[in-house]
Amino acid sequence: MNRISIAELLVSDNYLHEVTVKGWVRTFRSNRFIALNDGSTIKNIQCVIDFEKTDPSIIKRITTGAALSITGLLAESVGAGQSVEIQVSKIEVLGDSNPEKYPIQPKKHSFEFLREQAHLRIRTNTFSAVMRLRSALSFAIHDYFTKNGFYNVHTPIITGSDAEGAGEMFRVSTLNPMNPPKNEAGEIDFTQDFFGKETNLTVSGQLEAETYAMALGKVYTFGPTFRAENSNTSRHLAEFWMIEPEVAFNNLDANMDLAEDFIKSVLKYILENCKDDLDFLNQRFLDEEKTKPANQRSEMSLLEKLNFVIENNFKRVSYTEAIEILKNSKPNKKKKFQYLITEWGADLQSEHERFLVETHFKCPVILFDYPAKIKAFYMRLNEDGKTVRAMDVLFPGIGEIVGGSQREERLDVLLEKIKTFEIDEKELWWYLDTRRFGTAIHSGFGLGFERLVQFATGMGNIRDVIPFPRTPQNAEF
Ligand code: ATP
Ligand code: MG
Ligand code: MG
Ligand code: MG
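Conventions and cut-offs
Residues numbered from 1 in each chain as written. Chains lettered and ligands numbered in written order. Predicted model: local features only at pLDDT ≥ 70, side-chain atom pairs only at ≥ 80, totals over all residues. Heavy atoms only, no water. Core = buried A, V, L, I, M, F, W, Y, C linked by side-chain atoms within 4.5 Å. Buried < 20%, exposed > 50% of the residue type's maximum accessible area, 1.4 Å probe, protein only. Helix = DSSP H or I, 4+ residues; strand = E, 2+ residues; numbered from the N terminus. Contact = heavy atoms within 4.5 Å. Domains from an automatic or database assignment. Buried area = accessible area lost by both parts, 1.4 Å probe. Nonpolar A, V, L, I, M, F, W, Y, C, P; charged D, E, K, R; others polar.

(A) Quick peek at the nonpolar core. Ranked by internal contacts, the top residues of the largest apolar core, which has 62 residues, are Phe262, Ile263, Leu267 and Leu452. Broken down by element, the residue count for this core peaks at eleven residues, all from helix 4 (residues 125–147). The contacts of leucine 452, once residues within four sequence positions are left out, are Leu137, Ile141, Ile263, Val266, Leu267, Ile401 and Leu447. Grouped together as the second largest cluster of nonpolar side chains are 30 residues, Ile325, Leu394, Leu414 and Ile418 included.

Encoded structure:
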């Protein structure tokens with residue numbers, strides 16, 4: 001039996017050969033036309049049955065969602081919008097689907113509804129396109145780093161350090177909740193969590209990746225990270241995937257170059273390799289825009305945005321310059337930017353970031369040299385003693401997509417910083433060893449994978465670009 005995927009079939013001109021396809025029914029029209037999809041492409045193959053010659057008991061079982069095996073001759077299609085079809089000679093129903101109970105009807109469902117059907121929403125065009133693109137981006141990321149001489153390091157998920165955690169960590173515990181160990185004050189002794197140690201789920205693989213960069217030169221991690229943040233934004237998840245390259249002997253400029261080249265390369269990969277899915281999402285995006293008032297519509301289509309990012313330099317602006325721009329820009333109540341003004345030293349809010357990217361520069365922006373006080377302890381202090389060599393890459397519609405820095409390589413300065421941040425130095429003895437033995441400048445960044453997928457697919461909510469989102473509302477299964 002000559003079973004091939006629908007993706008292969010659609011580009012085949014092997015007419016009048018018998019083929020077998022297996023997939024799920026999307027629609028069944030006029031007791032004659034089955035639109036079958038097997039996940040290999042956004043497109044369905046049309047399978048034409050001869051009503052007279054087909055067993056009526058089989059016809060009754062051809063319902064949306066049913067799994068079928070179809071055999072027939074491949075023929076050139078006369079219908080609009082498709083190149084080939086199958087003239088069916090044999091149908092086998094592999095799995096029935098009760099049309100009254102099947103949640104995914106052949107109509108447009110809201111994303112809110114589909115989030116409650118996370119296990120079935122992948123059977124819709126939008127989610128299959130998004131998840132195929134997510135998979136392609138994941139491949140492109142590994143491909144980019146491998147081709148550029150990086151090693152993939154698997155940093156731990158369970159970690160004893162919470163230096164970076166800032167109170168956002170998920171505790172990992174082996175304690176019996178019914179009978180937890182208590183300290184002298186009668187409180188639960190969490191230091192006993194993991195066979196005698198306090199442990200958490202990782203918020204970032206950076207510190208461990210740094211130690212590997214200081215031996216292998218160029219490394220990257222690409223793994224799940226966890227943040228117990230109770231934030232209900234369209235850009236935050238409690239469980240998300242992060243890509244974290246770390247490079248020995250790279251300064252902040254080289255780090256910005258890497259981030260820009262990396263993002264452009266992986267977006268270029270999907271533009272070249274995922275045309276059908278991107279075309280579909282582009283159309284979806286345009287349809288969505290049409291429903292908005294004219295002054296809120298995006299100036300570019302999804303494809304135009306992707307091409308724009310690839311073809312144009314990201315604008316590099318210091319934090320201090322950005323503050324000047326914000327101070328000189330009048331808040332505009334009509335637009336969404338109402339509280340633009342901010343003072344030097346303050347952390348930028350997402351409306352500030354979006355103003356810089358979407359209204360002022362109209363392109364991706366890399367902000368660098370942030371005040372030391374609002375950034376993490378490990379960032380390289382500048383000669384001014386006030387700012388650190390930090391960078392954030394800001395994207396239209398998303399805001400922060402990358403956070404990175406050149407790391408503090410000087411042991412004495414780092415120890416001083418650790419003290420100021422009230423971190424227990426003993427917890428970081430292993431990290432500090434990289435500064436004790438053969439220290440050197442190095443830099444790296446973290447890119448939130450889901451935010452990249454959001455940008456690449458034009459999806460507005462981060463919950464819709466990860467298979468099973470983890471947020472305060474979505475953790476049932
Ligand atoms: P934000 O300011 O958006 O909360 P952050 O500054 O806390 O992000 P970093 O610690 O710099 O985040 O992490 C690096 C990257 O990881 C971010 O630039 C972002 O792309 C991504 N990221 C951070 N937190 C989340 C989250 N809760 N869900 C999804 N992605 C995230
Ligand atoms: Mg955050
Ligand atoms: Mg941030
Ligand atoms: Mg950040």
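So, next bit.
(B) Main features of the domain arrangement of the chain. Considered domain by domain, the chain is made up of domain 1 (6–102) and domain 2 (123–168 + 203–464). With centres defined by C-alpha atoms, the gap from domain 1 to domain 2 works out at 44 Å. Both faces considered, domain 1 and domain 2 share a buried interface measuring about 710 Å² in area, 40% of it formed by carbon and sulfur atoms. Taken as a group, Arg26, Ile42 and Tyr102 account for 67% of the area that domain 1 buries against domain 2, more than any other trio of residues on that side. Classifying every residue of the side of domain 1 that touches domain 2 gives three nonpolar, four polar and two charged.

(C) Just the environment of tyrosine 151, in detail. Mapped onto the elements of the fold, tyrosine 151 is located in strand 6 (residues 151–152). For the pair tyrosine 151 and glycine 217, spaced 66 residues apart in the sequence, the C-alpha separation amounts to 8.7 Å. Sequence-distant contacts of tyrosine 151, defined by excluding residues within four places in its chain, comprise Leu216, Lys218, Val219 and Tyr220.

(D) Structural context of the side chain of serine 301. Residue placement: serine 301 occurs in the loop between helix 7 (275–290) and helix 8 (302–311). Judged by relative accessible area, serine 301 falls into the buried class, the value being 8%. The residues touching serine 301, leaving out its near neighbours within four places in the chain, are Asn282, Phe285 and Leu286.

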